[in-house]
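Examination of the molecular architecture
Here is how the chains run, residue by residue.
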Amino acid sequence: YFVGSRIGRRPLAPTVSPNKTWEGVVGGLVAAAAVGAAVLPLDGSSSVLRGASIGIAVGVAALLGDLVASMVKRDLGVKDLGRLLPGHGGVLDRVDGLLLALPVGHALLTSLP
């Protein structure tokens, strides 16, 4: 979000999510790789490279989850999918990335050596 809002110029998917930019995607994936590389090796069973790789995979899954939720909202012709968080897209917009990121992260953490 911070990279895209500051230096984002090239829209990622303007008809689906007009505020997402390629620069924001790159910034988000770099951050996800850095967090994965820093956190996952702390348990002693992951390398820095594996942590960065899982971070990138989870980042891509989160992006796809967010874009799918945006497509559903556009298809339904609504801005918010709920009233609990007005102006924020509803609760689904707060967790849409997690819908794909959590199963991808879990699968990678539990199935890969």
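One structure accompanies this document, and this report is about it. Because the structure is a prediction, the values reported are computed rather than measured.

Moving on to the packing of aromatic side chains. For the structure shown, the criterion picks out one aromatic pair. Between Y1 and F2, the ring centres sit 5.5 Å apart and the planes meet at 75°, which makes this aromatic pair edge-to-face. The pair formed by Y1 and F2 is uniform in burial state, with each residue classed as exposed.

Okay, a nonpolar patch on the surface next. Together, I56, V60, L64 and L100 line one region of the surface with nonpolar side chains, adding up to about 290 Å² of accessible area. With three residues, helix α3 (residues 48-76) is the largest single contributor of residues to the nonpolar patch. The residue I56 is located in helix α3 in this model.

Moving on to the packing of helix α2 (residues 22-39) against α3. The interhelical angle for the contact between α2 and α3, taken along N-to-C directions, is 140°, at an axis separation of 7 Å. The angle between α2 and α3 falls in the class oblique. Pair α2 / α3 crosses with right-handed handedness. Contacts between α2 and α3 involve V25, L29, A32, A33, G36 and A37 from the former and V48, G51, A52, G55, I56, G59, V60 and L63 from the latter. In the contact of α2 with α3, the residues fall into 10 nonpolar, four polar and no charged.

This next bit is on α2. With 18 residues, α2 should cover 26 Å at 1.5 Å per step; its first-to-last C-alpha distance of 26 Å lies within 8% of that length. Among the residues making up α2, those that are buried are E23, G24, V25, G27, A32, A33, G36 and A37. For α2, the secondary structure elements touched by its buried residues are α1 (2-7), β1 (11-13), β2 (17-21) and α3.

This next bit is on the environment of D43. You can see D43 is positioned in the loop between α2 and α3. At a separation of 2.8 Å, a polar atom in the side chain of D43 contacts the main-chain amide nitrogen of S45.

The next subject is the side chain of S46. If you trace the backbone, S46 turns up in the loop between α2 and α3. A polar atom in the side chain of S46 sits 2.8 Å from the side chain of R50.

This part is about the pattern of salt bridges. Counting across every chain of the model gives two salt bridges. Measuring nitrogen to oxygen at the nearest pair gives 3.0 Å for the salt bridge that ties E23 to R10. Placement of E23 in helix α2 and of R10 in the loop between α1 and β1 is noted, with a sequence separation of 13 residues between them. A residue is classified by how much of its surface remains accessible, and E23, at 13% relative accessible area, is buried. Looking at R10, the relative accessible area reads 52%, which means it is exposed. Between D66 and K20 there is a salt bridge; the shortest N-O distance is 2.3 Å. Within this pair, whereas D66 is found in helix α3, its partner K20 is found in strand β2, the two being separated by 46 residues in sequence. D66 gets classed as buried once you look at its relative accessible area, which sits at 14%.

Quick notes on the rules
Throughout, a residue's number is its position along its own chain's written sequence, starting from 1. Where totals are concerned, whole chains, interfaces and linings use all residues; where local detail is concerned, this predicted model gives features only for residues with pLDDT of at least 70, and gives and counts side-chain atom pairs only at 80 or more. As a rule here, side-chain values come from all non-hydrogen atoms in the structure, and water together with hydrogens is ignored. Geometry of aromatic contacts follows a simple scheme: Phe, Tyr and Trp rings, the Trp one being its six-membered ring, pair when their centres are within 6.5 Å, and the pair is stacked under 30 degrees between planes, edge-to-face over 60, tilted otherwise. The cut-offs for exposure are 20% and 50% of the maximum accessible area for each residue type, with area from a 1.4 Å probe on protein chains only; residues under the lower value are buried, those over the upper are exposed, and the others partly exposed. Patches were defined on residues exceeding 30% relative accessible area and lacking a salt bridge, with like-charge contacts within 9 Å and nonpolar side-chain contacts (Val, Leu, Ile, Met, Phe, Trp, Tyr) within 5 Å. In this description, accessible areas are obtained by the Shrake-Rupley approach with a 1.4 Å probe, and a residue is regarded as covered only by the protein chains that are shown. A pair is scored as a salt bridge if a Lys or Arg side-chain nitrogen falls within 4 Å of a carboxyl oxygen belonging to Asp or Glu. The helix and strand labels rest on DSSP assignments: H or I over at least four residues marks a helix, E over at least two residues marks a strand, and numbering proceeds from the N terminus. For helices, the fitted axis covers only the stretch in contact; all axes are lines through C-alpha atoms, and the angles between them, taken along N-to-C directions, range from 0 to 180 degrees. Here the angle decides the label: under 35 degrees means roughly parallel, over 145 means roughly antiparallel, 65 to 115 means roughly perpendicular, and every other value means oblique. For any pair of crossing helices, the crossing counts as left-handed if the nearer helix is rotated counterclockwise from the farther one by less than a right angle, and right-handed if it is rotated clockwise. Whether two residues are in contact is decided by their heavy atoms, any of which lying within 4.5 Å being enough. Residue type decides the class: Asp, Glu, Lys and Arg count as charged, Ala, Val, Leu, Ile, Met, Phe, Trp, Tyr, Cys and Pro as nonpolar, and the leftover types, Gly among them, as polar. Given a helix with a known number of residues, its expected span is that number minus one, times 1.5 Å. For the purposes of these results, a polar contact is taken to be a pair of N or O atoms within 3.5 Å, where, inside protein, one atom must be able to donate a hydrogen and its partner to accept one; residues adjacent in sequence count only when each atom of the pair is a side-chain atom.

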